[in-house]
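# Structure assessment
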Amino acid sequence: MIFKKDISSLHVPHNKNTAGCEPVKIETPKEVILPMNMHSGGEAEPIVTPGDHVYVGQLIAREEGRFSSPVHATVSGTVAEILTLPTARGKEVKAIRIESDGKMEKDPAMKAPVFEGCDGFLQAVRESGVVGLGGAAFPTWAKLNEATNPDYKVDTVLINAAECEPYITSDHRMMLAHADLIDDGIEYMRKYMNEYLGEATYKICIEKNKPDAIEVLKKKFADKPYVVIHELNAIYPQGAKQVMLYNATGRVAIAGKRFPSFGALIINVSTLSKMAEYLNTGMPLVERIVTVDGPAVKKPGNFIAPIGTSIRTLLELTETNLEAVGKVVIGGPMNGNATVSVDSPIVKVSNCILAFDEKTATLPEPSACIRCGRCMEKCPVDIHVAGVEAAASIKDEEKRAAALIDTGVRQCVDCGCCSYVCPAHRPLLAMNQDAKWWLKQYERSKQSR
Ligand code: SF4
Ligand code: SF4
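No experiment lies behind these values; they were computed from the predicted model shown.

Definitions and cut-offs
Residues numbered from 1 in each chain as written. Chains lettered and ligands numbered in written order. Predicted model: local features only at pLDDT ≥ 70, side-chain atom pairs only at ≥ 80, totals over all residues. Heavy atoms only, no water. Pairing = 2+ DSSP bridges. Helix = DSSP H or I, 4+ residues; strand = E, 2+ residues; numbered from the N terminus. Near = heavy atom within 4 Å. Nonpolar A, V, L, I, M, F, W, Y, C, P; charged D, E, K, R; others polar. Axes fitted to C-alpha atoms, helices over the stretch in contact; angles between N-to-C directions. Parallel < 35°, antiparallel > 145°, perpendicular 65-115°, else oblique. Contact = heavy atoms within 4.5 Å. Phe/Tyr/Trp six-rings, centres within 6.5 Å; stacked < 30°, edge-to-face > 60°. Buried < 20%, exposed > 50% of the residue type's maximum accessible area, 1.4 Å probe, protein only. Lys NZ or Arg CZ within 6 Å of the ring centre and 35° of its normal. Salt bridge = Lys/Arg side-chain N within 4 Å of Asp/Glu carboxyl O. Domains from an automatic or database assignment. Buried area = accessible area lost by both parts, 1.4 Å probe. Polar contact = N/O pair within 3.5 Å; in protein donor to acceptor, adjacent residues only side chain to side chain. Core = buried A, V, L, I, M, F, W, Y, C linked by side-chain atoms within 4.5 Å.

## A closer look at the pairing of strand β7 (residues 77-86)
- In the sheet, strand β4 (residues 53-54) pairs with β7 via 2 bridges, with the strands oriented antiparallel. From the neighbouring strand, His-53 faces β7, where its bridge partner is Thr-78.
- Pairing analysis gives 9 bridges linking β7 to strand β8 (residues 92-100), with the strands arranged antiparallel. In the sheet register, Leu-83 faces β8, and the bridge partner there is Ala-95.

Put into structure tokens, the structure is as follows:
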């Protein structure tokens, strides 16, 4: 399957109500809950026990298994318990609850990592706990490591600053405040991955609806010819990696191939700055900017919160009447996920909390597919969206897997464009996600047979 060349993406309302809201550091929460699955790979393993005292930035869970990532304490205080939390897929995941002592004391042993060469650099990034903050949560060291594969020749690093989802402004605000960290991140990559990325062009891909950030970045990088501020139209899903690759380089992503095989690496702009922060100071990923907005939110804003802070805490800060909230979504309205409880914590990738009132939360009842084809017309990766439901209902597992693979659903980037345009209001995004999840489980069980 080849990524289609005429990208007719969506013009969704931007609703960037908080673009002018400077991030406010929240008061230290009474407790934080840190799940062990805040990244795309294997769950991290706790190395603390209840009663232990911990400092901000202290390692509390080590990476375990492929593409795992370490977890660090985000407040100082006492480990209260190792609990289990339900996940959206019905499984349980371990989590560490820390009761804060209110002091936010940094780990006294913390110092900027000392390393040499590319391997040392990648190991330091690995220890930072930084993962893709644009939503994928793929460990950043592993993504960078792909560029060292001799099969690839990466000549372009795409720094994803599109932030194309409605409402979210956390990357935007980070760019206004920390252009220096973006600069540092680029220089670290150039220095320590010189053999692989020394000749590369660094394209900061940013939508035109952030003129103040564009100005800041242009000024910052005016004397660096290898950094290009690449302005993109504000369309959705401009931040999807296949879409960005095409719009920024003209290259076409081919399904099933690793991204660096197209000569490019893509890294979210906040991820890059968090990586640089760790390398400069030794402070791992312990806090982030979260946009809080939505029709039920009285005072929308951007907040700097320790990871593990409850959603409730952030909604209360915005004077949201929790009684009137019909749905809370983590992430954007297009591809975010509804949360089951406002007592759930924000995790590493939680860039936004959206609260909807009963009226705006109620989705129209789905009706039968009228075969209009709009879902496929708007899919940026040419998936046979309307065929996924039928394929998923095939009883024979082998045939079901083959039919699902034929639809191309494995390449779905979860953008939600199909659901957005479907006149029959079919829950296409959810169906695709279920299908992808089932295929993964099926392939795993086949391998272990
Ligand atoms: S959610 Fe997946 S299937 Fe739907 S439009 Fe986006 S990429 Fe295509
Ligand atoms: S957009 Fe909806 S109604 Fe139209 S073909 Fe796709 S699933 Fe069917």
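## So, the site of ligand 2
- Contacts to ligand 2 come from Cys-369, Ile-370, Arg-371, Cys-372, Gly-373, Cys-375, Cys-422, Pro-423, Ala-424 and Leu-428.
- Residues of the shell around ligand 2, tallied by class, amount to 8 nonpolar, 1 polar and 1 charged.

## A word on the packing of helix α1 (residues 117-127) against helix α8 (residues 269-281)
- Remark: α1 packs on α8, axes separated minimally by 10 Å, with the N-to-C direction vectors making an angle of 105°. Classified by the angle their axes make, α1 and α8 are roughly perpendicular. Counted together, Phe-121, Ala-124, Val-125 and Glu-127 of α1 and Met-275, Tyr-278 and Leu-279 of α8 form the full contact between these two elements.

## A word on the packing of aromatic side chains
- Using the criterion set out here, one finds 7 aromatic pairs in the structure.
- Aromatic pair Tyr-188 and Tyr-192: ring centres 6.4 Å apart, planes at 25°, arrangement stacked. With Tyr-188 and Tyr-192 both in helix α4 (residues 179-192) and 4 residues apart, the pair spans about one turn of that helix.
- The class of Tyr-188 is buried, set by a relative accessible area of 17%.
- Owing to a relative accessible area of 18%, Tyr-192 belongs among the buried residues under this scheme.
- Among the aromatic residues, those joined into a ring-pair cluster are Phe-115, Phe-121, Tyr-188 and Tyr-192.
- The positively charged end of Arg-126 is found above the aromatic ring belonging to Trp-141, 3.9 Å away from the centroid.
- Taking NZ or CZ as reference, Arg-400 lies 4.4 Å from the ring centre of Trp-438, over its face.

## Describing the site of ligand 1
- Close to ligand 1 lie 14 residues; Cys-379, Cys-412, Cys-415, Cys-418 and Asn-432 are nearest.
- For the shell around ligand 1, the secondary-structure elements that each account for two or more residues are α14 (417-421) and α15 (428-448).
- For the shell around ligand 1, the class distribution of residues is 11 nonpolar, 2 polar and 1 charged.

## Points about the pattern of salt bridges
- Under the defined criterion, the tally for this structure stands at 20 salt bridges.
- We note a salt bridge from Arg-97 to Glu-31, for which the minimum N-O separation is 2.8 Å. Linking Arg-97 in strand β8 with Glu-31 in strand β2 (residues 31-35), this pair joins segments that are 66 residues apart in sequence.
- Where Glu-146 meets Arg-258, a salt bridge forms, and the shortest distance between an N and an O atom there is 2.4 Å. Taken together, the residues Glu-146 in helix α2 (residues 140-146) and Arg-258 in the loop between α7 (241-249) and β12 (264-268) connect sequence positions 112 residues apart.
- The buried category is assigned to Glu-146, whose relative accessible area is 17%.

## Some remarks on the domain arrangement of the protein chain
- For the protein chain, the assigned domains are domain 1 (117-281) and domain 2 (374-448).
- The C-alpha-based centres of domain 1 and domain 2 are spaced at 29 Å.
- For the pair domain 1 and domain 2, the summed buried area comes to about 480 Å², and 72% of that belongs to carbon and sulfur atoms.
- Contact with domain 2 buries area across many residues of domain 1, yet Tyr-236, Pro-237 and Gln-242 alone supply 65% of it, more than any other trio.
- Across the domain 1-domain 2 interface, the total number found is 0 salt bridges.
- Where domain 1 packs against domain 2, one counts 1 residue pair in polar contact (both at pLDDT 80 or more).
- A breakdown of the residues in the side of domain 1 that touches domain 2 according to their chemical character gives 5 nonpolar, 2 polar and no charged.

## Topic: the sheet that holds β7
- The strand order across the open sheet built from 4 strands is β2-β8-β7-β4, with neighbouring strands paired in antiparallel fashion. Looking at the sheet topology across the chains shown, the edges are occupied by β2 and β4.

## Structural notes on the environment of Lys-220
- Of note, Lys-220 is situated in helix α6 (residues 211-220).
- With 161 residues separating them along the chain, Lys-220 and Val-381 place their C-alpha atoms 34 Å apart.
- Sequence-distant contacts of Lys-220, defined by excluding residues within four places in its chain, comprise Ala-179, Asp-180 and Asp-183.

## Thoughts on the nonpolar core
- Counting 46 residues, the largest nonpolar core has Phe-121, Ile-182, Met-189, Leu-197 and Tyr-202 as the members making the most contacts within it.
- It is α4 that contributes the most residues to this core, 7 residues altogether.
- Residue contacts for Met-189: discarding those within four places in its chain leaves Phe-121, Leu-144, Val-157, Asn-194, Leu-197, Tyr-202, Leu-265, Leu-272 and Met-275.
- Core analysis: the next-biggest nonpolar cluster, separate from the first, contains 26 residues, Val-48, Ala-73, Val-79 and Val-131 among them.

## As for the side chain of His-39
- Structurally, His-39 is set in the loop between β2 and β3 (45-46).
- A polar atom in the side chain of His-39 sits 3.4 Å from the side chain of Ser-68.
- Setting aside its immediate chain neighbours within four residues, His-39 contacts Ala-44, Phe-67, Ser-68, Ser-69, Val-131 and Ala-137.

## Here's the deal with the environment of Glu-105
- Mapped onto the elements, Glu-105 comes out in the loop between β8 and α1.
- Along the primary structure Glu-105 and Gly-282 are separated by 177 residues, whereas in three dimensions their C-alpha atoms are 14 Å apart.
- Setting aside residues no more than four positions away along its own chain, Glu-105 makes contact with Tyr-55, Val-56 and Ser-76.

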